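# Descriptive analysis of the structure
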Amino acid sequence: MKHVVGTLAACLALACAVPLSAAEVSERAARLHQRLLVLDTHLDTPANFARPGWSILDDHTAQRDFAQVDLPRMRKGGLDGGFWVVYTGQGDRTPEANRRARDHGLVRLAQIREMVAAHPDQFELALRADDARRIADAGKRVVYISMENATPLASDPSLLSAYHALGLRMLGITHMRNNEFGDSSNAPPEWNGLSPAGKALVAEANRLGIVLDASHASDQVFDQLLELSRAPFVLSHSGADALYDNPRNIDDARLRRLAENGGVIHVNAYGGYLVPLEQSEERKRELAELDARYGNDGSLTAAQITQKLRERDAIDARHPVSNATFDDYMNHVLHLVRLLGPEHVGIGADWDGGGGVAGLEDVGALPRITQALLDAGYSEEDIANIWSGNVLRVLGEAERVAKETAGAG
Ligand SMILES: [Zn+2]
């Protein structure tokens, strides 16, 4: 999720970073964490790939350049990989705008593939559920490709099969606004769920073996996915309404049905969706102005980023605001694991898209989650499922449904 407030929330988290003391993660937890296959289902990092001079191989901590995911910090945090997102902001829905979105999506997809092609000893494209373990065992990072907001397909939905051929394995329908395929969680209903084109897209995703993702979609879209999708689906980065009633979160009754259907909710670390964060109107206005002035398209130079951070720090000083914490994040994770069982919860923290809270500022801090799950009494098998077993099971189900469809046709 890349939008104005999101990016700034991530920076806030970085600004109030507290160094993680080694004592917070026991040796047992650290060893377990490094041994497990650790995947995150929503890495917005590809938005950084177009930045001039930016490399995934560099540690960006010292630059404070907004980036939360890079190879050195993936190693430090034991992150084996995940779903790397083709994100497209939802603008107007004119034919020209839809063509621009089409081009944007294809370029971002190419950038992800180029990153992998440029670093073949460090990264590998994953296409099947059983690829992840093999790639991680070979000492490389796992790159599944996902899409957030299906708007690049609006001008030509048949492009989905081309995306699939190029590696797409997860598809989120909407973002913060409605699109040609369905209603957003954050906009008034227009289609009352999925549009006719959205229903056709669901059938096509099932046919191809692409996992559907209901994060950012309205409750009606969620209900229709339960009814229409022949494979279980996921929420790639969402939270629990029971802890904070927000359009981006889901109520317990729906989550129970998601789990009964074999699906998984991956918990978002976006502070403003974990707990209500008070922000003055003045602060919101200044932050929006800052983002408008610098843009949000990943094309800033290092000097511009430094200048933007300096101005952002000044806004923080003028209008301080509290940030969500690691405990707030774990409250959502533990509520969901208790509600649904450890087979139906995963981690999708929205790195480089607005995720990150005090005490969990970047992927280097991920072992803390394993420690907290051990402290809560979960077994190594439960924790393995949360870190990757569950999403890979859902991907395997999508593969099975696609195979059946091919057999029936
Ligand atoms: Zn998002």
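As named in an unreviewed UniProt entry, the protein chain is Peptidase M19, taken from Pseudoxanthomonas suwonensis.

Here the focus is the pattern of salt bridges. Throughout the structure, instances matching the rule amount to 32 salt bridges. We note a salt bridge from Asp103 to Arg102, for which the minimum N-O separation is 3.0 Å. The salt bridge involving Glu404 is made with Arg400; its shortest N-O contact spans 2.5 Å. Here the residue Glu404 and the residue Arg400 both occupy positions in helix 15 (residues 380-408), the gap between them amounting to 4 residues, near one helical turn. Glu404 gets classed as partly exposed once you look at its relative accessible area, which sits at 44%. Look at Arg400 and you get partly exposed, because its relative accessible area is 38%. In this structure, a network of salt bridges that share partners links the residues Asp219, Asp223, Asp251, Arg254 and Arg257.

Taking every second residue as pointing to the same face, both faces of strand 9 (residues 264-267) are buried, with Val264 and His266 on one and Ile265 and Val267 on the other. Of the strand pairs in this sheet, strand 9 and strand 10 (residues 345-347) are connected by 3 bridges, and their pairing is parallel. Following the sheet pairing, His266 is matched in strand 10 by Gly346.

Moving on: the coordination of the zinc ion. For the zinc ion, the full set of protein donor atoms is Glu148 (OE), His216 (NE2) and His237 (NE2), at a range of 2.1 to 2.2 Å. For the zinc ion, the donor residues sit on a single chain with the sequence spacing E-x67-H-x20-H. Linking His216 in the loop between strand 6 (211-213) and helix 8 (219-228) with His237 in strand 7 (residues 234-240), this pair joins segments that are 21 residues apart in sequence.

Attention now goes to helix 12 (residues 302-318). Note: α-helices contain 3.6 residues per turn, so residues at a spacing of three or four share the same orientation. Over its 17 residues, helix 12 runs 25 Å from end to end, which matches the ideal 24 Å to within 8%, given 1.5 Å per residue. The complete set of buried residues in helix 12 reads Ile305, Lys308, Leu309, Arg312, Ile315 and Asp316. Buried residues of helix 12 fall within an arc of 115° about the axis and therefore sit on the same side. Among the exposed residues of helix 12, those pointing more than 90 degrees away from its buried face are Ala303, Arg310 and Ala317.

Between helix 14 (residues 367-375) and helix 15, the least distance of the axes is 10 Å, while the angle of their chain directions is 145°. As for how helix 14 packs across helix 15, the hand of that crossing is right-handed. Along the contact surface, helix 14 presents Ile369, Thr370, Leu373 and Leu374, while helix 15 presents Ile383, Ile386 and Trp387. Among the residues forming the contact of helix 14 with helix 15, the class breakdown is 6 nonpolar, 1 polar and no charged.

With that settled, the discussion passes to helix 4 (residues 95-118). For helix 4, spanning 24 residues, the distance from its first C-alpha to its last is 34 Å, which sits close to the expected 34 Å at 1.5 Å a residue. Among all positions in helix 4, only Ala97, Asn98, Ala101, Gly105, Arg108, Leu109, Gln111, Ile112, Met115 and Val116 are buried. Against the buried residues of helix 4 lie strand 2 (81-87), strand 3 (123-125), strand 4 (141-148) and helix 6 (159-165).

Relative to the helices and strands, Asp352 is located in the loop between strand 10 and helix 14. Residue Asp352 is classed as buried on the basis of its relative accessible area of 3%. Of note is the side chain of Asp352, whose polar atom sits 2.7 Å from the side chain of Thr45.

By the criterion of burial, strand 2 is predominantly enclosed, with 7 of the 7 residues buried. In this sheet, strand 2 lies alongside strand 1 (residues 39-43) in parallel orientation, the contact comprising 3 bridges. Its bridge partner lying in strand 2, Leu43 is registered against Trp84. Taken together, strand 1, helix 3 (residues 71-76) and strand 2 form a β-α-β motif whose crossover is right-handed.

In terms of nonpolar packing, the biggest core is built from 84 residues, with Trp84, Leu153, Leu171, Tyr329, Leu360 and Ile369 touching the most fellow members. Here this core gets 8 residues from one element, more than from any other, and that element is helix 13 (residues 326-340).

Let us now look at the confidence of the model for the protein chain. Within the protein chain, residue pLDDT values average 92, and 93% of them lie at 70 or more. When the criterion is pLDDT under 50, residues 1-20 qualifies, and its contacts beyond four places in sequence or with other chains add up to 66 contacts.

Analysis parameters
Residues numbered from 1 in each chain as written. Predicted model: local features only at pLDDT ≥ 70, side-chain atom pairs only at ≥ 80, totals over all residues. Heavy atoms only, no water. Salt bridge = Lys/Arg side-chain N within 4 Å of Asp/Glu carboxyl O. Helix = DSSP H or I, 4+ residues; strand = E, 2+ residues; numbered from the N terminus. Buried < 20%, exposed > 50% of the residue type's maximum accessible area, 1.4 Å probe, protein only. Pairing = 2+ DSSP bridges. Donors = N, O, S within 2.8 Å, 3.2 Å for Na, K, Ca; no water. Expected span 1.5 Å × (residues − 1). Arc of directions from axis to C-beta. Axes fitted to C-alpha atoms, helices over the stretch in contact; angles between N-to-C directions. Left-handed = near helix turned anticlockwise from the far one by under 90°. Contact = heavy atoms within 4.5 Å. Nonpolar A, V, L, I, M, F, W, Y, C, P; charged D, E, K, R; others polar. Polar contact = N/O pair within 3.5 Å; in protein donor to acceptor, adjacent residues only side chain to side chain. Right-handed = clockwise from strand over helix to strand, strands pointing away. Core = buried A, V, L, I, M, F, W, Y, C linked by side-chain atoms within 4.5 Å. pLDDT = per-residue confidence, 0-100.

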